[in-house]
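These are the residues of each chain, in order.
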Amino acid sequence: MNIDLIEDDPLMGEALTERLQLEGFECRWWRTANALIVAAEGGQEPAAAIISDVRLPDLEGPELMNRLPKRWLDRPWIFITGYGTVAQRNELLARGAFDFFTKPLDMDRLMERLRALAPTRASPPPLQTPSCPLGISSEMRKLHVMVRRLGDHWNTVLITGESGAGKEELARCLHLETQPTGAPFVAVNATSLPESLIEAELFGYEKGAFTGASRSHKGMFEQANGGTLFLDEIGDMALSLQSRLLRVLQDRMITRLGSEKAQQVQVRIIFATNRHLNEEVRAGRFREDLYYRINVVHLRVPPLHERPEDVPWLAQRFVEAWNQEHPSAPRLLGEEAERMLMAHRWPGNVRELRNCIERACLLSEGTTIEARLLQPAQDESLVSPTPEFGPEAKSTSPTLESYLREQEKQYITQILAKHDWQIGITADALGISRKSLWERMKRLSIQ
Ligand SMILES: Nc1ncnc2c1ncn2[C@@H]1O[C@H](COP(=O)(O)OP(=O)(O)OP(=O)(O)O)[C@@H](O)[C@H]1O
């Protein structure tokens, strides 16, 4: 099915065109009402459906309907407006509009509406995904099917979901399954560092760009060149940084701090957040234009309690990972242990489950993991501070835990400071991955 899109805003136009094409629609994009009028008067046939902005620079969208030959009015018109009122909606519908959407635009609902208009459109054949690396639940399988469908055609993807649900895991899967082998995957957490440092981390800097910049440094965009940049916690990013990011999205050009020279990067970007970005837009904390630009394809990772089938499957994977690392002390999950895992709600999601299994493997005295060891640690169940696994919850030593936590925090902070808060170098110095460092910084509230 083909679609005529009339939209003057370049960001909105690009985002809509990209999404329509990903959904399998052909899209013809008109930047002004006049361009369309001239083409229609010259004999141009209308597409199967028309999407139009209400407020165009040269004409109001509804007025445009009056200026076009009749054959153009027989098509379903869908209007988009930033300032929708009930009266305007009723007026548009009375004039024959098929539907009316207000901004922030719900892309998924718009696509649903368009798909309903093309019931006979051959839907893409279901993909065979015999093994899904994300889980066995139907929700995770569906996500995997989506990943495969995106194939090589995506530039920007938004992943949402609760903390620890597996957004980065999904991002890695998207990268691995759609990018050439060996292409870089660079993950960066938008809130892990103060604003000034995150800019330096993202865009890089030249020697002497600021106090402490003793040598030039390649930013994350450059490091991800030819591959994927995963930008986590995008909903918490400062507005000034959002503006810079928007410019990069427009032309994929970056400029190191302290440099005059812009350079082109070929980077696909995956954004992730555990916030509702449309609410952030309404509250003025997130740029509306950036929201449109990144909301082209939206994948939502459901929290673990919405897909309980994945709990024993994931637990089993974590035990297997332990066994591979510790072949002399193999562990086994018994039935009682599995029942216990299934009974918990996992407010900290997969991260909490993984930590719980790792701890139980470590503390287990025999091969079969004792069910009593499968209690969530108190500081991981941030959403529900009360341990849900019975009275044994009190058997660990909080004093030792809090002591170790404080030591860990002090040591990491000290090494971060020593390396100018550069995540990559600090992670190397500590002998852990960047991701692990971010996770620890988050858990220990290191700002
Ligand atoms: N499908 C999965 N298979 C194996 N491990 C997983 C899976 N999903 C998540 N995990 C593990 O759970 C932990 C949290 O996952 P991840 O970092 O992807 O979550 P997130 O949603 O990005 O969290 P945050 O919002 O806090 O950044 C990680 O250690 C990850 O390896």
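Residues numbered from 1 in each chain as written. Predicted model: local features only at pLDDT ≥ 70, side-chain atom pairs only at ≥ 80, totals over all residues.

Under an unreviewed UniProt entry, the chain has the name DNA-binding NtrC family response regulator and belongs to Hydrogenophaga palleronii.

Caption draft 1: View of the sheet that holds strand E5 (residues 99–102). An order of E2-E1-E3-E4-E5 is seen for the five strands of this open sheet, with the pairing classed as parallel. Only two strands of the sheet have a single neighbouring strand rather than two, namely strand E2 (26–30) and E5. Going across the sheet, the axis of each strand differs from the next one's by a mean of 20 degrees, ignoring polarity. (Pairing = 2+ DSSP bridges. Helix = DSSP H or I, 4+ residues; strand = E, 2+ residues; numbered from the N terminus. Axes fitted to C-alpha atoms, helices over the stretch in contact; angles between N-to-C directions.)

Caption draft 2: Inspection of the site of the ligand at higher detail. Around the ligand lies a shell of 18 residues, among which Gly166, Lys167, Glu168, Glu169 and Val350 are the nearest. Contributing elements (two or more residues each) for the shell around the ligand: helix H8 (167–178), helix H14 (310–325) and helix H16 (349–363). For the shell around the ligand, the class distribution of residues is five nonpolar, six polar and seven charged. Residue assignment places the shell around the ligand across two domains, with domain 2 (138–300) and domain 3 (304–396) each supplying three or more. (Near = placed C-beta within 6 Å. Nonpolar A, V, L, I, M, F, W, Y, C, P; charged D, E, K, R; others polar. Domains from an automatic or database assignment.)

Caption draft 3: Structural context of the pairing of strand E8 (residues 228–232). Most of E8 sits out of view: five of its five residues are buried. Burial along E8 is two-sided: Thr228, Phe230 and Asp232 and Leu229 and Leu231, pointing in opposite directions, are all buried. Both strand E7 (residues 185–189) and E8 contribute to a ladder of five bridges, which runs parallel. Of the residues in E8, the one forming a bridge with Asn189 is Asp232. Here E8 pairs with strand E11 (residues 268–273) via four bridges, running parallel. Residue pairing for E11: Phe230 is matched across the bridge by Ile270. (Buried ≥ 20, exposed ≤ 12 C-beta atoms within 10 Å, placed from the backbone.)

Caption draft 4: Molecular detail of the domain arrangement of the chain. Along its sequence, the chain is carved into domain 1 (2–117), domain 2 (138–300), domain 3 (304–396) and domain 4 (401–443). If you average the C-alpha positions of domain 2 and of domain 3, the two centres end up 32 Å apart. Tallying the contact residues gives seven residues for domain 2 and nine residues for domain 3. Within the side of domain 2 that touches domain 3, the residues separate by chemical class into two nonpolar, three polar and two charged. (Contact = placed C-beta atoms within 7 Å.)

Caption draft 5: Geometry of the sheet that holds E8. Taken together, five strands build an open sheet; the order of strands is E7-E8-E11-E6-E12 and the sheet is parallel. Of all the strands in the sheet, the pair left with one neighbour each is E7 and strand E12 (298–300). Averaged over neighbouring strand pairs, the angle between their axes works out to 20 degrees when direction is ignored.

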